[in-house]
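Spelled out from the first residue to the last, the chains are:
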Amino acid sequence: MISGRLHVCCSCPSPDHVSTCLFIYWRSSASTSESWFRVPRFVFDHVNGGLSELVIFCCCRASLTDPEAGAVFVGSSKMALKVLTALDHARTQYYHFKAIMIAGMGLFTDSYDLFCIAPVMKLIGRIYYGDARADKPGVTPPAVASAMVAVALAGTVTGQLVFGFLGDRIGRRRMYGLSLLLMVAGSFASGFSICRTRGCVLTSLCLFRFLLGIGIGGDYPLSATIMSEFANKRTRGSFIAAVFSMQGFGILASSAVTMAITAAFNRATEGGDAGPLHTPESADLVWRIILMVGALPAGLTFYWRIAMPETARFTALVELDVMKATADMGKVLGDLDVHNFAEDAEALRRSPQPRPPSYGLLSRQFLRRHGRNLFACAMAWFLVDIPYYSSTLFQSQIYQPFFPRPEHVNAYQDAYNVAKFQAIIAVASTIPGYFATVYFIERVGRRRIQMMGFFFMGLFLFALAGPYDKYWNHHTNYGYIVLYALTFFFSNFGPNTTTFIVPAELFPARFRSTCHGISGAAGKVGAIIGAIGFLWASQARNKEDAASGWKPGIGMMNALIILAGVCMIGAVHTYLFTPETKMRSLEENEGGGSQDADSHEDVNGEGIKYSTPSPRSVQPLVGQSPLQSPA
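Just so it is clear, the structure is predicted and the values come from calculations on it, not from any experiment. (Residues numbered from 1 in each chain as written. Predicted model: local features only at pLDDT ≥ 70, side-chain atom pairs only at ≥ 80, totals over all residues. Heavy atoms only, no water.)

**Observations concerning the overall build of the protein chain**
Inference 1: For the protein chain, the count of helices and strands is 25 helices and five strands.
Inference 2: Counting every position in the protein chain, which comprises 631 residues, the buried fraction comes to 58%.
Inference 3: Counted over contacts in the protein chain with a minimum sequence separation of 6, partners at least 24 positions apart contribute 77%. (Helix = DSSP H or I, 4+ residues; strand = E, 2+ residues; numbered from the N terminus. Buried < 20%, exposed > 50% of the residue type's maximum accessible area, 1.4 Å probe, protein only. Contact = heavy atoms within 4.5 Å.)

This is how it looks when you write it as structure tokens:
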């Protein structure tokens, strides 16, 4: 039993009149804090039960309350709701896997639409920039290709900020369907880009890809938040990683669709006028079909998205509707005993409702409580996306020795080879990296995987950079490809995945989607720097050696050294700022720090675990980061 002292309760002059009070003020005898916590009486009435004892303890130790607001609404905040505890300890069941597929299809569509643009730009270059008098096929100018990438990423930044904010204000489920509709509309509209003239097609394509980017950006915070709030705490990291791993299959699908369509059109035009220097008009249909197919997987999951219930944490902690949260979870979790929670929920509904914490996102109180965590998430995502999206620096060099040069193949074959190369990389490094994260994240922890990933990315980039000018530039062999693949593997078995997971676990329910959106938006700013800035900067320093259409840069070796340095900064940043969140409830994570588990009893008398401080908390590689604010 946890000892504590009672103080003046509600309108009662003495703590002896507890039985007549709606609320009591309580403080743990072990606490060094001078704060008293206001607790609903029905919680105190059940203090002999394991859960309520745990609730009061967590309110005190993890600072999960808001004394400044004048009340601790344990009934609808944090660990006090039995339904939330039941979710944290629910067994893995069918609905969890269904949620992975529903949420994962959004990430699947995201990667399909973002990665199919490379072969599409090959076709557009042949169609709209070809010159019958030239001895080489048409190529999309660097400025146009950069603009096409930039508008999609800019739309993603916008979508993450807007949908992240609205997900906390309107609801995750309501905004989830809207983001999917934007993706479907953006994909179809991109294929139906207006006109047949070059300027008109490219302008409309940029507009529709910006719209598509907004839908893609909106899917990031909503998918991560929904999965984190549905999952139990034992497998939450693996479930969110599984959702994110659908990106790898999206890349594979975009390559497969591109290869199938281009191969079909190439066979249909055999013996016709298709050649390295002549592109048939049917090629203008190919890239449109490729883009429109991206709408199919998203459209197929639309019904299941709108049929999903709102997450229990949003309904209970933000909308303050405990009974609805209990009923919604009872519909999807087969082993959730709704009647077990009905009595307390009904008592809470009849009692006066104290106001929840009222501080805002831009307040000093938010900055003091969650500012360090938001900085940790946003900066880590920013740092990883710079080298991750700059991977296009190496692709052309790897591509050339193993595939025919563009002037020796027609448009269909050129796009087919680019898609084939992307499929090989996805199978060899991208998808295995995702799978490794799914398997190890609950065993090793988010923080150590993120540090390890940053470190090895930097190590392999240094290995590419050091001898680049003297060796790799003229000897692109299998060793070069292995280093390239390992860089991709450790980005996915590392920060590219963990930066998607951690922001969905660290913040209160009413800020969770917003903070994830802010972190993701910071990452996509880094992506713009990596995909466009470094692509230009990596050009040769001499104008004569720079590729056609490009201005002189700092050289590939210097660009790779800077990217490797960025990765090492990411490892140090993770060590200093990122907390560990594995095997802890979302409500515990808000208090910061890493904790070990001690056994207690749940509401049904079965063994559960709750967190108490441990000496391991101060070990940097295991738990709390050296600069993490104390709970």
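**Overview of the packing of helix 7 (residues 172-191) against helix 8 (residues 198-230)**
Inference 1: Where helix 7 meets helix 8, the axes come as close as 8 Å, and the angle between the chain directions of the two elements is 150°. By the angle between their axes, helix 7 is roughly antiparallel relative to helix 8. When you trace helix 7 past helix 8, the crossing you get is left-handed.
Inference 2: Looking at the contact of helix 7 with helix 8 residue by residue, the classes come out as 13 nonpolar, eight polar and four charged. (Axes fitted to C-alpha atoms, helices over the stretch in contact; angles between N-to-C directions. Parallel < 35°, antiparallel > 145°, perpendicular 65-115°, else oblique. Left-handed = near helix turned anticlockwise from the far one by under 90°. Nonpolar A, V, L, I, M, F, W, Y, C, P; charged D, E, K, R; others polar.)

**Focus on helix 4 (residues 94-115)**
Inference 1: With 22 residues, helix 4 should cover 32 Å at 1.5 Å per step; its first-to-last C-alpha distance of 31 Å lies within 8% of that length.
Inference 2: Taken as a whole, helix 4 carries its principal kink of about 30° at Gly104.
Inference 3: Of all 22 residues making up helix 4, 17 are buried, and the element is well covered by its neighbours. (Expected span 1.5 Å × (residues − 1). Bend = angle between axes of the 7 residues up to and from the residue.)

**A few points about helix 18 (residues 411-444)**
Inference 1: Taking 1.5 Å per residue, 34 residues should reach 50 Å; helix 18 reaches 47 Å between its end C-alpha atoms and fits that length.
Inference 2: Maximal helix bending in helix 18 amounts to about 50°, located at Ala426.
Inference 3: Looking at where helix 18 begins, the residue whose side-chain oxygen comes 3.1 Å from the main-chain nitrogen of Tyr412 is Asn410.
Inference 4: Where helix 18 terminates, the next one or two residues include Gly445, which has phi positive at roughly 105°. (Polar contact = N/O pair within 3.5 Å; in protein donor to acceptor, adjacent residues only side chain to side chain.)

**Looking at the side chain of Glu580**
Inference 1: Relative to the helices and strands, Glu580 is located in the loop between helix 24 (556-577) and helix 25 (586-589).
Inference 2: No salt bridge is formed by the buried Glu580, whose closest oppositely charged neighbour, Arg446, lies at an N-O distance of 4.3 Å. (Lys, Arg positive; Asp, Glu negative; His and termini not counted. Salt bridge = Lys/Arg side-chain N within 4 Å of Asp/Glu carboxyl O.)

**Describing the packing of aromatic side chains**
Inference 1: All told, the structure shown has 24 aromatic pairs when counted by the stated rule.
Inference 2: With centroids separated by 5.9 Å and ring planes inclined at 45°, the aromatic side chains of Phe249 and Phe435 adopt a geometry described as tilted. You can see Phe249 sitting in helix 9 (residues 236-268) and its partner Phe435 sitting in helix 18, a full 186 residues away along the chain.
Inference 3: Judged by relative accessible area, which is 44%, Phe435 ranks as partly exposed.
Inference 4: With centroids separated by 5.5 Å and ring planes inclined at 70°, the aromatic side chains of Tyr484 and Phe488 adopt a geometry described as edge-to-face. Remark: Phe488 and Tyr484 occur in helix 21 (residues 478-492); sequence separation between them is four residues, near one turn of the helix. (Phe/Tyr/Trp six-rings, centres within 6.5 Å; stacked < 30°, edge-to-face > 60°.)

**A few points about unusual backbone geometry**
Inference 1: Unusually for a residue other than glycine, Met583 sits at a positive phi of about 60°.
Inference 2: Tracing the backbone through its elements, the reader meets Met583 in the loop between helix 24 and helix 25.
Inference 3: A relative accessible area of 37% places Met583 in the partly exposed class.

**Here we look at a nonpolar patch on the surface**
Inference 1: A surface patch of nonpolar side chains, about 310 Å² in accessible area, is lined by Phe188, Phe192 and Leu296.
Inference 2: Mapping Phe192 onto the fold places it in the loop between helix 7 and helix 8. (Patch = residues over 30% accessible without salt bridge, like charges linked within 9 Å, V, L, I, M, F, W, Y side chains within 5 Å. Areas by Shrake-Rupley, 256 points an atom, 1.4 Å probe, with all protein chains shown as cover.)

**Quick notes on the environment of Asp88**
Inference 1: Position of Asp88 among the secondary structure elements: in helix 3 (residues 82-88).
Inference 2: The spacing of Asp88 and Asn232 is 144 residues in sequence and 4.1 Å in space, taken between C-alpha atoms.
Inference 3: Discounting residues that sit within four places of it in the chain, Asp88 has contacts with Asn232, Lys233, Arg234, Arg313, Ser585 and Glu587.

**Focus on the environment of Leu166**
Inference 1: Mapping Leu166 onto the fold places it in helix 6 (residues 142-169).
Inference 2: Sequence-wise, Leu166 and Thr514 are 348 residues apart; in three dimensions their C-alpha atoms are separated by 7.7 Å.
Inference 3: Residues in contact with Leu166, not counting those within four places in the same chain, are Gly171 and Met175.

**Examining the nonpolar core**
Inference 1: Counting residues in each nonpolar core, the largest one holds 85 residues, and the members touching the most others are Tyr220, Met227, Met308, Met329, Leu461, Phe500 and Leu560.
Inference 2: It is helix 8 that provides the largest number of residues to this core, a total of nine residues.
Inference 3: In terms of nonpolar packing, the next biggest core, distinct from the first, is built from 29 residues, Phe108, Val120, Leu123 and Ala415 among them. (Core = buried A, V, L, I, M, F, W, Y, C linked by side-chain atoms within 4.5 Å.)

**Digging into the confidence of the model for the protein chain**
Inference 1: Per-residue confidence for the protein chain averages 76 on the pLDDT scale, and 71% of its residues sit at or above 70.
Inference 2: Mean pLDDT across the secondary structure elements of the protein chain bottoms out at strand 4 (residues 596-601), with 33, and peaks at helix 22 (residues 495-501), with 96.
Inference 3: When the criterion is pLDDT under 50, residues 1-80 qualifies, and its contacts beyond four places in sequence or with other chains add up to 179 contacts.
Inference 4: Below a pLDDT of 50 lies the segment residues 592-622, which in the model reaches 72 contacts outside its immediate sequence neighbourhood of four places, other chains included. (pLDDT = per-residue confidence, 0-100.)

**Digging into the pattern of salt bridges**
Inference 1: If you walk through the whole model with that rule in mind, you get 13 salt bridges.
Inference 2: A salt bridge links Lys233 to Glu588; the shortest N-O distance between them is 4.0 Å. Taken together, the residues Lys233 in the loop between helix 8 and helix 9 and Glu588 in helix 25 connect sequence positions 355 residues apart.
Inference 3: Judged by relative accessible area, Glu588 falls into the buried class, the value being 4%.
Inference 4: Measuring nitrogen to oxygen at the nearest pair gives 3.5 Å for the salt bridge that ties Arg288 to Asp284. Residue Arg288 and its partner Asp284 are located together in helix 10 (residues 283-293), separated by four residues, close to a single helical turn.

**Quick word on the environment of Arg196**
Inference 1: Checked against the element boundaries, Arg196 lands in the loop between helix 7 and helix 8.
Inference 2: C-alpha of Arg196 to C-alpha of Tyr128: the two residues are 68 residues apart in sequence and 9.2 Å apart in space.
Inference 3: If we ignore the near neighbours within four places in the chain, the residues touching Arg196 are Tyr128, Val201, Glu281, Asp284 and Arg288.

**Let's talk about the state of the cysteines**
Inference 1: Scanning the entire structure with this criterion turns up zero disulfides.
Inference 2: Among the cysteines around Cys377, which has no disulfide bond, Cys515 carries the closest sulfur, lying 8.3 Å off. (Disulfide = S-S within 2.5 Å.)

**Focus: the packing of helix 4 against helix 5 (residues 117-128)**
Angle between the axes and distance between the axes are the two parameters that describe a pair of packed helices.
Inference 1: For the pair helix 4 and helix 5, the least separation of the axes is 5 Å and the interaxial angle reads 30°. Accordingly, the angle class assigned to the pair helix 4 and helix 5 is roughly parallel. Residues Asp113, Leu114 and Phe115 of helix 4 pack against Ile117, Ala118 and Pro119 of helix 5.
Inference 2: In terms of residue class, the contact of helix 4 with helix 5 is made up of five nonpolar, no polar and one charged.

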